[in-house]
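Analysis of the macromolecular model
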Amino acid sequence: MNTKFRIFIIFISVLCFSLSVFAEDEWSDFGNIDRAWDGQKSITNQEFEQAIDVLEGKKKQKEEKQRKKRVKKLSGGGNSLHSDLNTDKNITPLDVLGKVDEGMLLNVPVNLIIDENPIEKGYYKVFAERESGGDIYFKFYQSQFYKGKIRASETKNDFGKDTIDFVELLPYDNNFVKIIFGSLDFNAYAYVRYQQDNI
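A brief look at the structure comes next. (Residues numbered from 1 in each chain as written. Predicted model: local features only at pLDDT ≥ 70, side-chain atom pairs only at ≥ 80, totals over all residues. Heavy atoms only, no water.)

Notes on the pattern of salt bridges
- One pass over the structure, following the stated rule, counts eight salt bridges.
- One salt bridge in this structure joins E116 and R193, with 3.0 Å as the shortest N-O distance. Taken together, the residues span a long stretch of sequence, with E116 in the loop between β2 (111-114) and β3 (117-119) and R193 in strand β9 (residues 187-195) at a distance of 77 residues.
- With a closest N to O distance of 2.3 Å, K161 and E168 form a salt bridge. (Salt bridge = Lys/Arg side-chain N within 4 Å of Asp/Glu carboxyl O. Helix = DSSP H or I, 4+ residues; strand = E, 2+ residues; numbered from the N terminus.)

Dropping the structure here:
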């Protein structure tokens, strides 16, 4: 036989023997699977809650550190001469008010009658403006096209809304709907006639 072939046979036999030894060692480890949890300690609910409290405490410390970084970035660090401006005070974020000058979108599910002309169902941008005489008008636009305006009555009622800026169409009776409007400047409402759908 060729010497290269003999070396190859010896190499293969050593390799097979070593693989079988390693495989036997790995399978023998699975014999102890039933006793894998024997050394585990049971944890009480109180110990679990204490561990959670420690983790949440670290999270709160991290949030406090981030808050102090933001305050330092805003104030530039250091102390102010005025006690109200010290950096240890909480900085509350301000809600950005909606831009009413862009109008507010209103879904009109009926054909309204404005200036004795019907306007079709659809979505309209509503602008509420106080004109020079003090009267408030709701102006209706669809896209960039002016569709009409109606006179509204100012009120102190906020109509139970959670937001400052709102416009909504509410059913009133068989001939009228009520449009309510709220903004930072004023709240107003108007009753508008609508056309009944012919069925």
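Notes on the nonpolar core
- Residues L106, L112, F138, F140, I150 and I179 are the most contacted members of the largest nonpolar core, which totals 25 residues.
- When residues of this core are traced back to their parent elements, those giving at least two are β1 (104-108), β2, β4 (122-130), β5 (136-142), β6 (145-155), β7 (166-171), β8 (176-182) and β9.
- For this core, the leading source of residues is β9, giving four residues.
- With sequence-adjacent residues up to four places away left out, I150 is seen in contact with I114, I136, Y137, F138, F140, I179, A190 and V192. (Core = buried A, V, L, I, M, F, W, Y, C linked by side-chain atoms within 4.5 Å. Buried < 20%, exposed > 50% of the residue type's maximum accessible area, 1.4 Å probe, protein only. Contact = heavy atoms within 4.5 Å.)

A look at the environment of I136
- For I136, the location among the structural elements is in strand β5.
- Considering only alpha carbons, one finds I136 and S153, 17 residues apart in sequence, at a separation of 6.7 Å.
- Apart from the residues lying within four places of it in its own chain, the contact partners of I136 are E129, R130, I150, R151, A152, E154, F186 and A188.

Some thoughts on the side chain of N187
- Tracing the backbone shows N187 in strand β9.
- Accessibility expressed as a relative area gives 13% for N187, which makes it buried.
- A polar atom in the side chain of N187 sits 3.0 Å from the backbone oxygen of N157.
- A polar side-chain atom of N187 sits 3.5 Å from the main-chain amide nitrogen of S183.
- Sequence-distant contacts of N187, defined by excluding residues within four places in its chain, comprise S153, E154, T155, K156, N157, D158, F181 and G182. (Polar contact = N/O pair within 3.5 Å; in protein donor to acceptor, adjacent residues only side chain to side chain.)

Brief notes about the environment of Y146
- By secondary structure assignment, the location of Y146 is in strand β6.
- Judged by relative accessible area, which is 43%, Y146 ranks as partly exposed.
- Residues Y146 and K125, 21 residues apart in the sequence, show an inter-C-alpha distance of 9.6 Å.
- Residues in contact with Y146, not counting those within four places in the same chain, are K139, F140 and Y141.
- Within the local environment of Y146, its side chain forms a polar contact with the backbone nitrogen of K149, the two atoms lying 3.3 Å apart.

Digging into the pairing of β6
- Here β5 pairs with β6 via seven bridges, running antiparallel. Each bridged residue has a counterpart across the sheet, and for K139 the counterpart in β6 is K149.
- Turn length for the β5-β6 hairpin, with the two strands adjacent in sequence and antiparallel, is two residues, and the turn residue S143 shows positive phi of about 60°.
- In terms of strand pairing, β6 meets β9 through three bridges, oriented antiparallel. Within the sheet, the bridge partner assigned to E154 lies in β9 and is A188. (Pairing = 2+ DSSP bridges.)

Here we look at the packing of aromatic side chains
- As enumerated under the stated definition, the model contains eight aromatic pairs in all.
- Ring centres of Y189 and Y191 lie 5.8 Å apart, and the angle between their planes is 75°; this geometry places the pair in the edge-to-face category.
- With relative accessibility at 38%, the residue Y191 sits in the partly exposed group.
- Among the aromatic residues, ring-to-ring pairing joins F127, Y141 and Y146 into one connected group.
- Positioned above the aromatic ring of Y137 is the side chain of K149, whose terminal nitrogen or guanidinium carbon lies 4.5 Å from the ring centre. (Phe/Tyr/Trp six-rings, centres within 6.5 Å; stacked < 30°, edge-to-face > 60°. Lys NZ or Arg CZ within 6 Å of the ring centre and 35° of its normal.)

A look at the pairing of β5
- Judged by how many residues are buried, β5 sits mostly within the fold: five of seven residues are covered.
- Linking two consecutive strands that pair antiparallel, namely β4 and β5, is a turn of five residues; a positive phi of about 95° is found at G134 within it.

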